[in-house]
Amino acid sequence: MYCHADDHEPGIGDRGERHLIQLWPAQPTDPVHPPISDEDLQARTEYATAMARQSEEYGGDYTVHLRGDELGGS
């Protein structure tokens with residue numbers, strides 16, 4: 001990958017600076033994460049099942065009795 005910033009205006013760009021980035025494959029290495037156990041797979045399945053269920057609607061009706069002077073009236 002090659003980049004050349006050609007904006008020579010002060011404060012903008014790199015004043016003609018050139019950048020070259022080279023990438024190449026790394027040597028194969030052992031996996032970073034341990035293999036997934038049957039217990040982990042079961043826990044994932046239970047979690048996905050629980051998240052797919054409809055949650056119950058939370059709410060309620062409350063009756064509040066206020067007197068006229070508690071409403072801020074004069």
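Higher on the page you've got the structure.
Residues numbered from 1 in each chain as written. Predicted model: local features only at pLDDT ≥ 70, side-chain atom pairs only at ≥ 80, totals over all residues. Heavy atoms only, no water.

Quick notes on the overall build of the protein
Reasoning step 1: What the protein contains, in helices and strands, is one helix and two strands.
Reasoning step 2: Along its sequence from the N terminus, the protein presents helices and strands in the succession β-β-α.
Reasoning step 3: Across the 74 residues that make up the protein, the buried fraction comes to 3%.
Reasoning step 4: A total of about 7900 Å² of accessible surface is found on the protein, and carbon and sulfur atoms cover 53% of it. (Helix = DSSP H or I, 4+ residues; strand = E, 2+ residues; numbered from the N terminus. Buried < 20%, exposed > 50% of the residue type's maximum accessible area, 1.4 Å probe, protein only. Areas by Shrake-Rupley, 256 points an atom, 1.4 Å probe, with all protein chains shown as cover.)

Brief notes about a nonpolar patch on the surface
Reasoning step 1: Together, Tyr 62, Val 64 and Leu 66 make up a nonpolar patch on the protein surface, roughly 410 Å² of accessible area in all.
Reasoning step 2: Examined against the element boundaries, Tyr 62 turns out to sit in the segment after helix 1 (38-52).
Reasoning step 3: The exposure class of Tyr 62 is exposed, given its relative accessible area of 75%. (Patch = residues over 30% accessible without salt bridge, like charges linked within 9 Å, V, L, I, M, F, W, Y side chains within 5 Å. Salt bridge = Lys/Arg side-chain N within 4 Å of Asp/Glu carboxyl O.)

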